[in-house]
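Results of the structural survey
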Amino acid sequence: MKLLEQEILNKGRVLKGDVLKVDGFLNHQLDVGLLSTLGKECAEHFKSQGITKVLTVEASGIAFSCFIAYYLGVSVLFAKKNKTSNLTDTVYSTQVMSYTHGRVYDIFVSKDYLHSDDKVLIADDFLANGEAVNGLRRLIEQAGASLAGVAIAVEKGFQKGGDKLRAEGIDLLSLAVIDEMSEEDGIRFRSNQ
Ligand code: 5GP
């Protein structure tokens with residue numbers, strides 16, 4: 001999506017460790033006009049899937065997910081993160097390796113809010129190795145719910161999460177796919193986006 005690519009070029013910053021900082025508009029300070037446009041685009045793509053819920057992980061996926069859910073007319077459920085493991089039998093839970101913090105978290109959602117008749121769209125701000133998305137998929141499996149697809153704002157295509165999901169036949173919509181990025185040479189997007 002050209003609008004998002006342009007924002008990334010204008011305001012994004014490439015950090016060490018293959019991290020792109022876009023917290024001026026996507027996941028810290030929030031450009032709600034832009035987020036609304038992104039959300040509408042995702043909702044348009046998935047609108048005929050019968051989606052009942054958008055599932056993301058706290059905290060940086062929440063804003064993006066809210067706009068998708070708004071246009072789909074459904075709720076957002078965000079998995080909470082917990083560094084310790086005092087989880088009860090009232091939640092679905094799994095472990096996820098955090099890309100940006102380099103450590104393992106428990107993530108969990110209440111059994112009250114994810115049910116076997118839910119058709120779930122997973123959404124997140126970034127897709128790198130796919131750890132977060134796969135963790136959310138495990139929560140969906142535990143609930144016996146079904147996965148409708150995955151919506152991502154920024155996929156780092158040089159990491160393998162996106163390609164693995166596509167190879168599995170999952171409907172993955174990434175609004176911007178970065179094929180190369182470095183502090184020196186900047187950012188190159190996948191051309192067919
Ligand atoms: P994955 O689980 O796919 O390896 O990484 C995706 C998760 O890590 C997202 O939830 C996102 O919050 C975080 N993440 C991965 N790469 C980046 C990045 O380059 N920039 C930012 N801001 N977050 C990232």
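Figured I'd write up the structure that's included with this text. All values derive from a computational prediction rather than experimental measurement. (Residues numbered from 1 in each chain as written. Predicted model: local features only at pLDDT ≥ 70, side-chain atom pairs only at ≥ 80, totals over all residues. Heavy atoms only, no water.)

1. Description of the site of the ligand
Around the ligand, a shell composed of 17 residues is seen, among which Leu20, Asp124, Ala128, Gly130 and Ala132 lie nearest. In the model, an oxygen atom of the ligand is placed 2.8 Å from a nitrogen or oxygen of the Ala128 main chain. Interatomic distance of 2.7 Å between a backbone N/O atom of Gly130 and an oxygen atom of the ligand. In the complex, the protein chains occlude 90% of the 500 Å² of accessible area that the ligand would expose alone. Broken down by secondary-structure element, the contributors of at least two residues to the shell around the ligand are strand E2 (19-21), strand E7 (119-127) and helix H4 (131-143). (Near = heavy atom within 4 Å. Polar contact = N/O pair within 3.5 Å; in protein donor to acceptor, adjacent residues only side chain to side chain. Areas by Shrake-Rupley, 256 points an atom, 1.4 Å probe, with all protein chains shown as cover. Helix = DSSP H or I, 4+ residues; strand = E, 2+ residues; numbered from the N terminus.)

2. A word on the packing of aromatic side chains
Considering all chains together, one arrives at one aromatic pair under this definition. Measuring from centroid to centroid gives 5.2 Å for Tyr70 and Tyr71, while their planes differ by 80 degrees, and the two rings are edge-to-face. The ring of Tyr105 carries Lys81 above its face, with NZ or CZ at 5.2 Å from the centroid. (Phe/Tyr/Trp six-rings, centres within 6.5 Å; stacked < 30°, edge-to-face > 60°. Lys NZ or Arg CZ within 6 Å of the ring centre and 35° of its normal.)

3. Section: the environment of Phe67
If you trace the backbone, Phe67 turns up in helix H3 (residues 62-72). Each C-alpha atom, one on Phe67 and one on Asp185, is 32 Å from the other, the two residues being 118 residues apart in sequence. Once residues lying within four places of it in the same chain are set aside, the contact partners of Phe67 are Val32, Leu35, Ser36 and Gly39. (Contact = heavy atoms within 4.5 Å.)

4. Re the sheet that holds strand E4 (residues 75-82)
For sheets, the rule is that strands pair by backbone hydrogen bonds, running either parallel or antiparallel. In space, the eight strands of this open sheet follow the order E5-E6-E4-E3-E7-E8-E9-E10, with mixed pairing throughout. In the strand order of this sheet, the two ends are held by strand E5 (91-97) and strand E10 (186-189), each with one partner. Pairwise comparison of adjacent strand axes, ignoring direction, gives a mean angle of 30 degrees for this sheet. One ladder, built from four bridges, connects strand E9 (residues 172-182) with E10; its direction is antiparallel. (Pairing = 2+ DSSP bridges. Axes fitted to C-alpha atoms, helices over the stretch in contact; angles between N-to-C directions.)

5. So, the nonpolar core
Of all hydrophobic cores here, the largest spans 36 residues; its most connected members are Ile8 and Leu20. Within the residue set of this core, elements represented by two or more residues are helix H1 (2-11), helix H2 (32-46), H3, E7, strand E8 (146-156), E9 and E10. With residues near it in sequence (within four places) discarded, Ile8 still touches Leu20, Val22, Phe25, Val154, Ala176, Ile187 and Phe189. Judged by nonpolar contacts, the second largest core, of 23 residues, contains Ile107, Leu114, Ile140 and Ile170. (Core = buried A, V, L, I, M, F, W, Y, C linked by side-chain atoms within 4.5 Å. Buried < 20%, exposed > 50% of the residue type's maximum accessible area, 1.4 Å probe, protein only.)

6. Here we look at the pattern of salt bridges
Taken as a whole, this structure holds twelve salt bridges when the rule is applied. The salt bridge involving Glu5 is made with Lys2; its shortest N-O contact spans 3.3 Å. Here the residue Glu5 and the residue Lys2 both occupy positions in helix H1, the gap between them amounting to three residues, near one helical turn. Assessed through its relative accessible area of 58%, Lys2 is described here as exposed. (Salt bridge = Lys/Arg side-chain N within 4 Å of Asp/Glu carboxyl O.)

7. So, H3
Three or more residues of H3 are buried, namely Ala63, Phe64, Ser65, Phe67, Ile68, Ala69 and Leu72. The elements touched by buried residues of H3 are H2, strand E3 (53-57), E4, E7, E8 and E9. Two residues or fewer after H3 comes Gly73, characterised by a positive phi angle close to 75 degrees.

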